[in-house]
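Structural overview
Residues per chain are reported as follows:
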Amino acid sequence: MRDVDQSSPVDKADIASADRIKADIAAGRDELVPAEIVNRLIAGGNPVKIWRAYREMTARDLAARAGISASYLSEIESGKKEGSLSAMKRIAEALEVDLDDLA
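In this report, we go over the structure that sits alongside the text. As the structure is a prediction and not an experimental result, all values here were calculated from the model.

Moving on to the side chain of Glu77. Here Glu77 lies in helix α5 (residues 70-78). Glu77 has contacts with Asn46, Val48, Lys49, Arg52 and Leu62, leaving out every residue within four places of it along the chain.

Structural data, given as structure tokens:
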């Protein structure tokens, strides 16, 4: 009797993709985000505030790292202002997330 590889091409592709993701996480190029954080984002919470809390940063710390005023950050987090593109880029960089993660 012959050994037959019964893995489908899709299975092999999925396994290869999972291996790349694991390698990216191990190398620090990606991270696993707890379900609680993902659920808060999906529920419509302010992504800047959620990521800031997840990163265990105070609003003052984030504002300083992003080079914006704490009051401006507060307005962004409360939804009073959207935040300029340049400010949002700096916030994303300070939070170590993609700009898309703050949309």
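At a closest axis distance of 10 Å, the pairing of helix α3 (residues 47-54) and helix α6 (residues 85-95) adopts a crossing angle of 25°. Classified by the angle their axes make, α3 and α6 are roughly parallel. Both α3 and α6 take part in a crossing whose hand is left-handed. Judged by residue contacts, Val48, Trp51 and Arg52 of α3 engage Met88, Ile91 and Leu95 from α6.

Membership of the largest hydrophobic core comes to 17 residues, with the highest contact counts inside it found for Val48, Leu62, Ile68, Leu73, Ile91, Leu95 and Leu102. Of all the elements in the fold, those that place two or more residues in this core are α3, α4 (59-66), α5 and α6. For Leu62, the contacting residues outside a window of four places in its chain are Val48, Arg52, Met57, Leu73, Glu77, Ile91, Ala94 and Leu95.

Moving on, we get to the environment of Leu102. Residue position: Leu102 is located in the segment after α6. Judged by its relative accessible area of 7%, Leu102 falls in the buried class. For the pair Leu102 and Lys89, spaced 13 residues apart in the sequence, the C-alpha separation amounts to 9.2 Å. Dropping the residues within four chain positions of it, Leu102 is found in contact with Pro47, Val48, Trp51, Met88, Ile91, Ala92, Leu95 and Val97.

The set of residues buried in α4 consists of Leu62, Ala63 and Ala66. For α4, the buried positions fall inside an angular range of 100° around the axis, keeping them on one side. Every exposed residue of α4 that faces more than 90 degrees away from the buried side is listed here: Arg60, Ala64 and Arg65. Looking at the residues trailing α4, positive phi occurs at Gly67, about 70°.

About the thresholds
Residues numbered from 1 in each chain as written. Predicted model: local features only at pLDDT ≥ 70, side-chain atom pairs only at ≥ 80, totals over all residues. Heavy atoms only, no water. Helix = DSSP H or I, 4+ residues; strand = E, 2+ residues; numbered from the N terminus. Contact = heavy atoms within 4.5 Å. Axes fitted to C-alpha atoms, helices over the stretch in contact; angles between N-to-C directions. Parallel < 35°, antiparallel > 145°, perpendicular 65-115°, else oblique. Left-handed = near helix turned anticlockwise from the far one by under 90°. Core = buried A, V, L, I, M, F, W, Y, C linked by side-chain atoms within 4.5 Å. Buried < 20%, exposed > 50% of the residue type's maximum accessible area, 1.4 Å probe, protein only. Arc of directions from axis to C-beta.

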